[in-house]
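Topology and contacts: notes
Each chain, letter by letter, is given below.
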Amino acid sequence: QTAPAFLSVWDMHSYYGESYIVQGISFNVHEGEILALLGRNGAGKTTTLRSIARLGNPQVLKGEIWLDHQPLHRMSSHEAAQAGLGLVPEDRRIIPGLSVEENLQLAQIQPPVGWSIERLYELFPRLGERRRQEGVTLSGGEQQMLSIARALARDIKVLLLDEPYEGLAPVIVDEIEKTLTHIKSQGMTTILVEQNAVRALKLADRAIILDTGSIVYDGSASEVLENADLRAEYLAI
Ligand code: ATP
């Protein structure tokens, strides 16, 4: 018997108004794994993340979403966040007027469990060095780090990353990858949406490929790297 999945999406259907985007997808994520969620532009990756995070737009009209035995599909986005869901959106949402440290303090649950601010600075030394700097003045890569650190400060159970490497220099991407590997070693479960599919596949344990709102592949990440037909057909790489 296999262990129950940590995060489980079952027959999820999502709409933006009349537009039917996520067309009945089911998948599991196991505790401590990195899942790459891939597909061409417009395949529905961001919509899938937003649906799991219960953002309201898109509307999820059918389906179940379970996180560690908790029914996210019955929750608001705020409740889902409290239940341990950590969405890091593409635009990072650093709060203007607040320093790096204030951005982290605002996110941190009290009393802090797991990731204290000091531990987050060990994980991201650049943030420690810039703790008094206003968050919005950080470089793109540093803002991405702050956005991930802020999610960890909330003591989340699963990290959902929407295109974290976008616009970043390769050395910064290396740094973020190292961090993701480290937090995985501490037991974190991660869903990684990335346009840079090769990078994501090298880091991930498993991969799901979406095509027009349906899952066309669910399996090991290394198999996608080895399967040129699959890559050409759905990822254009
Ligand atoms: P990308 O890599 O380009 O971000 P994606 O796979 O993340 O692509 P989504 O952003 O989920 O794709 O978009 C899926 C579809 O939903 C697209 O056809 C898009 O135009 C549509 N869509 C996205 N946001 C909205 C919205 N707010 N209102 C209406 N349609 C939307």
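Here the structure is shown first, and the text comes after it.
An account of the accompanying structure is given in this report. Since the structure is predicted, the reported quantities are computational estimates derived from the model, not experimental observations. (Residues numbered from 1 in each chain as written. Predicted model: local features only at pLDDT ≥ 70, side-chain atom pairs only at ≥ 80, totals over all residues. Heavy atoms only, no water.)

This paragraph deals with the packing of helix H3 (residues 100-107) against helix H6 (residues 140-153). In contact at an axis separation of 8 Å, H3 and H6 are set at 30 degrees when each is read in the N-to-C sense. Between H3 and H6, the interaxial angle falls into the category roughly parallel. For the element pair H3 and H6, the recorded crossing hand is right-handed. For the pair H3 and H6, the contacting residues are Val100, Asn103, Leu104 and Ala107 in the first and Leu146, Ala149, Arg150 and Ala153 in the second. For the contact of H3 with H6, the per-class residue count stands at 6 nonpolar, 1 polar and 1 charged. (Axes fitted to C-alpha atoms, helices over the stretch in contact; angles between N-to-C directions. Helix = DSSP H or I, 4+ residues; strand = E, 2+ residues; numbered from the N terminus. Parallel < 35°, antiparallel > 145°, perpendicular 65-115°, else oblique. Left-handed = near helix turned anticlockwise from the far one by under 90°. Contact = heavy atoms within 4.5 Å. Nonpolar A, V, L, I, M, F, W, Y, C, P; charged D, E, K, R; others polar.)

With that settled, the discussion passes to the sheet that holds strand E10 (residues 214-220). Pairing within the open sheet is mixed, and its 6 strands lie in the order E6-E7-E8-E3-E9-E10. Strand pairing shows two members of the sheet lacking a second neighbour, strand E6 (85-88) and E10, which therefore form its edges. Shown here is a sheet whose adjacent strand axes are inclined to one another by a mean of 15 degrees, direction ignored. Bridge count between strand E3 (residues 34-38) and strand E8 (residues 189-193): 4 bridges; the pairing is parallel. What sits directly across from Ala36, in E8, is Leu192. The sheet strands contacting H6 are E6 and strand E7 (158-162), and the helix crosses E6 at an angle near 170 degrees. (Pairing = 2+ DSSP bridges.)

Bringing the sheet that holds strand E1 (residues 7-16) into the picture now. Strands sit in the order E2-E1-E4-E5 across an open sheet of 4 strands; the sheet is antiparallel. The open sheet has two edge strands with one neighbour each: strand E2 (19-29) and strand E5 (70-71). In this structure, E1 lies alongside E2, joined through 8 bridges in antiparallel fashion. The partner of Met12 across the bridge, within E2, is Ile25. On the sheet, helix H1 (residues 45-52) packs against E1, E2 and strand E4 (59-67) and is oriented at approximately 110 degrees with respect to E1.

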